[in-house]
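Here is what each chain is made of, one letter per residue.
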Amino acid sequence: SSGCATPTATAPTPAVPRTVPLVDLKHVKKLYSHPQAWGQCKVFLSGYLKGVERQDVSSTSRAAELVAQDPSGTSAAISSRIAAKIHRLDLLASGIEDSPDNATRFFVLRKKAAGDAAAGGLDCGIEGRAGGEGDEDMGRYKTLVSFTVDHNDPGALAESLAVFKPYKLNLTSINARPSGIVPWNYIFFVEIKGKRLEKGGAVNSALKDLGETAKGWRWLGSWKSEL
């Protein structure tokens, strides 16, 4: 492909890819990657790999692994340089994301050990106000919560998200993932500004209200934001 996407009624002047392939991509018949990657590389894909079959996989590293196992040599993966190096894959193109400042966050979770607070470890526990943290300090923390709703109840999701507003808790991220239990049933992951305290506080109050609107919820942790 020339790298020029076909103009349409909704996009009469398509965006131009930020980079060009390092080699000819005519041999690529199938692409593997995590679903999120397709949306982050739309311009390059529509310009150079339009019409190529796409296969969703659990991660970009898994995509690289599958390509390495393909004896046909006609598949490719959207993955990291590290994954390509580990699986000894050729680099076909670099920097294909639409936005140069695009980034993916990963969480490393573990149970909090007794000595973590003294050692300055990651704070993912429930805390009191013994440290003298005020509301301004609390805004430097984030909390992650997951919940499910009755999908047959109109407005159930809106009602669950609305419980955070009365307590002035800002939602910084909302994501949905299939529950894997019931078809077309989803688990919602909500990230909010604030920290869950041992007793009281805005986060606890909102979670109490969430219990009245959602089918079930889980607090997944609170941590100090470094961003």
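Residues numbered from 1 in each chain as written. Predicted model: local features only at pLDDT ≥ 70, side-chain atom pairs only at ≥ 80, totals over all residues. Heavy atoms only, no water.

As recorded in an unreviewed UniProt entry, the protein goes by the name prephenate dehydratase, listed as coming from Glonium stellatum. As recorded by UniProt, the Pathway (unreviewed entry) comment attached to the protein reads in full: "Amino-acid biosynthesis; L-phenylalanine biosynthesis; phenylpyruvate from prephenate: step 1/1." (UniProt positions renumbered as here; feature names shortened; annotations may be inferred.)

Novice: In this structure, what is going on with the sheet that holds strand S3 (residues 75–77)? I would like to understand it.
Specialist: Strands belonging to one sheet form pairs held by backbone hydrogen bonds; the direction of such a pair is parallel or antiparallel. Taken in spatial order, the three strands of this open sheet run S2-S1-S3, and their pairing is parallel. Two strands in the sheet have a free side with no partner beyond their single neighbour: strand S2 (53–56) and S3. Within this sheet the neighbouring strands show an average axis-to-axis angle of 25°, counted without direction. (Pairing = 2+ DSSP bridges. Helix = DSSP H or I, 4+ residues; strand = E, 2+ residues; numbered from the N terminus. Axes fitted to C-alpha atoms, helices over the stretch in contact; angles between N-to-C directions.)

Novice: Teacher, can you tell me more about the sheet that holds strand S4 (residues 141–148) here?
Specialist: Here we have four strands laid out as an open sheet, ordered S5-S6-S4-S7, and antiparallel in their pairing. With one partner strand each, in any of the chains shown, strand S5 (171–178) and strand S7 (216–224) form the two edges of the open sheet. For this sheet, the mean angle separating the axes of adjacent strands, direction not counted, is 15°. Both S4 and strand S6 (residues 186–193) contribute to a ladder of six bridges, which runs antiparallel. Paired with Thr143 across the bridge in S6 is Ile192. Sitting on the sheet, helix H8 (residues 202–213) touches S4, S6 and S7, and the angle it makes with S4 is about 5°. (Contact = heavy atoms within 4.5 Å.)

Novice: How should I be thinking about the pairing of strand S1 (residues 30–33) in this particular structure?
Specialist: Pairing analysis gives four bridges linking S1 to S2, with the strands arranged parallel. Across the sheet, residue Leu31 finds its bridge partner in S2, namely Arg54. Summarising the sheet, S1 and S3 pair through three bridges and their orientation is parallel. When the bridges of S3 are listed, Tyr32 appears paired with Ala77.

Novice: Where do I start with a nonpolar patch on the surface in this structure?
Specialist: On the surface, Leu22, Val23 and Leu91 cluster together into a nonpolar patch covering about 250 Å² of accessible area. One can find Val23 in the segment before S1. (Patch = residues over 30% accessible without salt bridge, like charges linked within 9 Å, V, L, I, M, F, W, Y side chains within 5 Å. Areas by Shrake-Rupley, 256 points an atom, 1.4 Å probe, with all protein chains shown as cover. Salt bridge = Lys/Arg side-chain N within 4 Å of Asp/Glu carboxyl O.)

Novice: Which parts of the structure should I look at to understand H8?
Specialist: An α-helix turns once every 3.6 residues. As a result, residues three or four positions apart point the same way. In a regular helix each residue adds 1.5 Å, so 12 residues correspond to 16 Å; H8 covers 17 Å between its end C-alpha atoms and thus fits that length. Among all positions of H8, only Val203, Asn204, Ala206, Leu207 and Leu210 are buried. For H8, the buried positions fall inside an angular range of 160° around the axis, keeping them on one side. Facing away from the buried side of H8 by over 90 degrees, the exposed positions are Lys208 and Glu212. Elements that come into contact with the buried residues of H8 comprise S4, helix H7 (156–162), S6 and S7. (Expected span 1.5 Å × (residues − 1). Buried < 20%, exposed > 50% of the residue type's maximum accessible area, 1.4 Å probe, protein only. Arc of directions from axis to C-beta.)

Novice: Can you help me understand the packing of aromatic side chains in this one?
Specialist: Aromatic ring pairs are described here by two measures, namely the spacing of the ring centres and the angle between the planes. In the structure shown here, the tally under the stated rule is two aromatic pairs. Taking the centre distance of 5.0 Å and the plane angle of 40° together, the rings of Phe44 and Tyr48 count as tilted. Of this pair, Phe44 and Tyr48 both sit in helix H2 (residues 42–48), four residues apart, roughly one helical turn. Note on Phe44: relative accessible area 3%, which makes it buried. Accessibility expressed as a relative area gives 14% for Tyr48, which makes it buried. (Phe/Tyr/Trp six-rings, centres within 6.5 Å; stacked < 30°, edge-to-face > 60°.)

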